[in-house]
Amino acid sequence: MGSSSVNNFRLIVTGGGTGGHTYPALTAVRTLRDRLAVGGGTLDVLWVGQPDSLESRVAAGEGIDFETVATGKIRRSSNPLKMMSPANVRDMSRVPLGVVQARSVINRFRPEVVLATGGYVAVPVGIAATRLCHRPLVIHEQTVRLGLANKTLAGAATRIAVSSTSTLELLPESARGAAVVTGNPVRPEVFSGQADKAVAALGLHGFDRRLPTVYVTGGAQGAQQINECVRDVLPWLLGHANVVHQCGPAHLDQLRQATASLPRESAGRYYLTAYVGAELPDVLALADVVISRSGAGTLAELTALGKAAVFIPLATSAGNEQAHNARHLADSGAAVALLDGVTPESLQSAVEPLLTEPARRTAMAERARSHGRPDAAERLVDVILAAAGQG
């Protein structure tokens, strides 16, 4: 690498489709930018993604240049004949076009490194980077098992950054030498939360701070399954805890009606909201127990913070990864996972010991913290710089 590249590092980021692929990439970009600035260097970033996508909006919000390439969605099936469905064949035929477009983008931008975080768009860009442009490729996997895109690219990647040591044994033998355990980057603001700020910002003055606080979340859209189970155990739950319930915009009115008849003394300990935005770090600081889905980003945040959690995996997640993620933590006592469907009864029996036995809650929180990697973004930046020969 010439000395000019030390002063100005050029990075192509590719990946997206979901927050799970997009936000770790954004956190890595910000962390790399900060790291370079310390040494007087600058970062030039180009994000290659899909049009009208989450990653296109995130890049625009961050002032990152954005380009698109053709991409094909490959639908999973255990039946090889179904893999050859007309829709799959049509989409797979778009991948070579995407590779050609990506080669042109990479040759024009001349990045030191290409970082791929998963999602369909990463495939053509990663193939072009390694096979045609001979640029270092770092792939980052957020979940325990490699996603389809990263599985496709693993053999050619310069480095494979994984979030969990359990992933190492799942890699093909030939790829293990390239693997590094970094963890899954967590937005730094998650660590800055203050419980008292959540009380002030959300007006939680009816909360009894002598009781534990439960934070219920189904993700940005909310989750009907979680909402209905929590609704059904709410009178019991409010006998033991304060509750912040993030339910998703589509579910707000229905839940408001369903909980309107709560007795006054417990109603003050229940806060219902469609969405938690900038206050999330403060809400997490206030929470003693979290009831949520088990996407990779959620797991990374809750383990980095050391939170006791009850996970209700999304059954339809790709490759059933949410159940896999949750089981991985539950097996070591770092969480409770409701893997065989969830009922109000199973939710109550999972949460009850965490509310009534503080020692058990603390022990689980400590075990969760032992799985956390709060320095994951810094570690991933180390890997990116090393791949460029600047580590």
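See the structure shown above.
Right, let's walk through the structure included here. Since the model is a prediction, treat every value here as computed from it, not as a measurement.

1. Comments concerning the pairing of strand 6 (residues 159–162)
Turning to step 1, where the next piece is worked out: When strand 5 (residues 137–141) meets strand 6, the two strands line up parallel, connected through four bridges. Within strand 6, the residue paired with Ile 139 across the bridge is Ile 160.
Turning to step 2, where the next piece is worked out: Handedness of the crossover joining strand 5 and strand 6 through helix 8 (residues 148–153): right-handed.
Turning to step 3, where the next piece is worked out: Pairing between strand 6 and strand 7 (residues 179–181): three bridges, direction parallel.

2. Considerations on the sheet that holds strand 11 (residues 289–292)
In sheet architecture, strand pairing relies on hydrogen bonds along the backbone and comes in two forms, parallel and antiparallel.
Turning to step 1, where the next piece is worked out: With respect to topology, six strands assemble into an open sheet ordered 10-9-8-11-12-13, the strand pairing being parallel. Bordering the open sheet on either side are strand 10 (270–273) and strand 13 (336–337), each of which pairs with just one other strand.
Turning to step 2, where the next piece is worked out: Looking at chain direction, strand 8 (residues 213–217) and strand 11 are connected through four bridges and run parallel. Of the residues in strand 11, the one forming a bridge with Thr 217 is Ser 292.
Turning to step 3, where the next piece is worked out: On top of the sheet, helix 14 (residues 296–305) reaches strand 11 and strand 12 (308–311); it is set at about 160 degrees to strand 12, its chief contact.
Turning to step 4, where the next piece is worked out: Where helix 17 (residues 358–371) meets the sheet, it contacts strand 11, strand 12 and strand 13, and its direction lies at approximately 85 degrees from that of strand 12.

3. A short note on the environment of Ala 258
Turning to step 1, where the next piece is worked out: Checked against the element boundaries, Ala 258 lands in helix 11 (residues 252–258).
Turning to step 2, where the next piece is worked out: Judged by its relative accessible area of 40%, Ala 258 falls in the partly exposed class.
Turning to step 3, where the next piece is worked out: Separated by 16 residues in sequence, Ala 258 and Ala 274 place their C-alpha atoms 15 Å apart.

Scoring rules and cut-offs
Residues numbered from 1 in each chain as written. Predicted model: local features only at pLDDT ≥ 70, side-chain atom pairs only at ≥ 80, totals over all residues. Heavy atoms only, no water. Pairing = 2+ DSSP bridges. Helix = DSSP H or I, 4+ residues; strand = E, 2+ residues; numbered from the N terminus. Right-handed = clockwise from strand over helix to strand, strands pointing away. Contact = heavy atoms within 4.5 Å. Axes fitted to C-alpha atoms, helices over the stretch in contact; angles between N-to-C directions. Buried < 20%, exposed > 50% of the residue type's maximum accessible area, 1.4 Å probe, protein only.

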